[in-house]
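What follows is the residue order along each chain.
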Amino acid sequence: MTVRRRRWPFARWRPLANPFVLHRPVALVVRADPALSVQTLIEAARPSTERLHLRNLFMEGRRYYIQPRATGFRLTSDTRQVWGGRRRRTGVAAAVFGEVSTLEGDESITAIRLTTRIHAPYILSSFLIPAFIGSIIASLPWATPVRALLIALLFALSWFGHWVNAALQVSEMIYFVRKALEHFPPVEVGTLPASVPHVVNKPRDDFRTEWQKFYDEHAG
């Protein structure tokens, strides 16, 4: 299996740049047909003694739920709650969407593009407690700037805590997909040779000069 990641310049500030994006898109290339790839994920989501190499994926009572879709699959996850009994489980905080396609000219190689999305009811629930406590703070005989600052801080901390929890859940699900498909033979992803027509291998600082030269040559 070959893994490719897309760079995102705002990765460190992802919560501020886009609060609904939890993880950068991930591209996987698997030497297997799409049906086999999705079926492998469905089987790996079921704990079994025949797949002990995947036992670390189910630590702390974690479970995975895969829903096949027309273009791929939807993956969600939850864990067992520390309190409240063994049957009580945490809610779904986010989902991973897998877009499955075959490479052109080779039906035995599958490309899987993983994107993430936060669960809307989960992120909205982060405002319930701050709204209740904020109503109490608003009724206190304190200065208006102090009350406004405390209320805003409550909402920000609650939202950030929920976002981090959703991001951790997404990371576990992406790791699950990688681990479940890692036994497939690797795929060599082609790279551009050192010299290719119409491709200029120049430092970034020389790009403007090369572009102006190209424009001047074709201006006539």
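Residues numbered from 1 in each chain as written. Predicted model: local features only at pLDDT ≥ 70, side-chain atom pairs only at ≥ 80, totals over all residues. Heavy atoms only, no water.

A. Focus on the nonpolar core. Counting 38 residues, the largest nonpolar core has Phe-73, Leu-75, Leu-114 and Phe-176 as its most contacted members. Here Leu-75 is in contact with Tyr-64, Tyr-65, Ile-66, Ala-94, Ala-95, Val-96, Met-173, Phe-176 and Val-177, once residues within four sequence places are set aside. (Core = buried A, V, L, I, M, F, W, Y, C linked by side-chain atoms within 4.5 Å. Buried < 20%, exposed > 50% of the residue type's maximum accessible area, 1.4 Å probe, protein only. Contact = heavy atoms within 4.5 Å.)

B. The arrangement of the environment of Arg-63 in detail. As for its position among the elements, Arg-63 is in strand β3 (residues 63-69). Counting along the chain gives 17 residues from Arg-63 to Arg-46, while the straight-line C-alpha distance between them is 8.0 Å. (Helix = DSSP H or I, 4+ residues; strand = E, 2+ residues; numbered from the N terminus.)

C. Inspection of unusual backbone geometry at higher detail. In this model, Glu-60 sits at a positive phi of 60 degrees, which is unusual for a non-glycine residue. Turning to its location among the elements, Glu-60 is positioned in the loop between α2 (34-44) and β3. Of the residues examined, Glu-60 reaches a relative accessible area of 62% and is grouped as exposed.

D. Local environment of the side chain of Thr-76. Its location among the elements puts Thr-76 in strand β4 (residues 72-78). Residue Thr-76 is classed as buried on the basis of its relative accessible area, which comes to 5%. Excluding residues that lie within four positions of it along the chain, Thr-76 makes contacts with Arg-63, Tyr-64, Tyr-65, Val-92, Ala-94, Ala-95 and Met-173.

E. Here's a closer look at the packing of aromatic side chains. Counting across every chain of the model gives three aromatic pairs. Taking 4.2 Å as the distance between ring centres and 15 degrees as the angle between the ring planes, the aromatic pair formed by Tyr-64 and Phe-176 counts as stacked. Placement of the pair is Tyr-64 in strand β3 and Phe-176 in helix α5 (residues 144-181), with a sequence separation of 112 residues. We note that Tyr-64, like Phe-176, is buried. Geometrically, the ring pair formed by Phe-127 and Phe-155 is tilted, given 5.9 Å between the ring centres and 35 degrees between the ring planes. Placement of the pair is Phe-127 in the loop between α3 (120-125) and α4 (128-138) and Phe-155 in helix α5, with a sequence separation of 28 residues. By relative accessible area, which is 31% here, Phe-127 ends up partly exposed. Overall, the relative accessible area of 26% leaves Phe-155 in the partly exposed class. Of the aromatic side chains, those joined through ring pairs into one cluster are Phe-58, Tyr-64 and Phe-176. (Phe/Tyr/Trp six-rings, centres within 6.5 Å; stacked < 30°, edge-to-face > 60°.)

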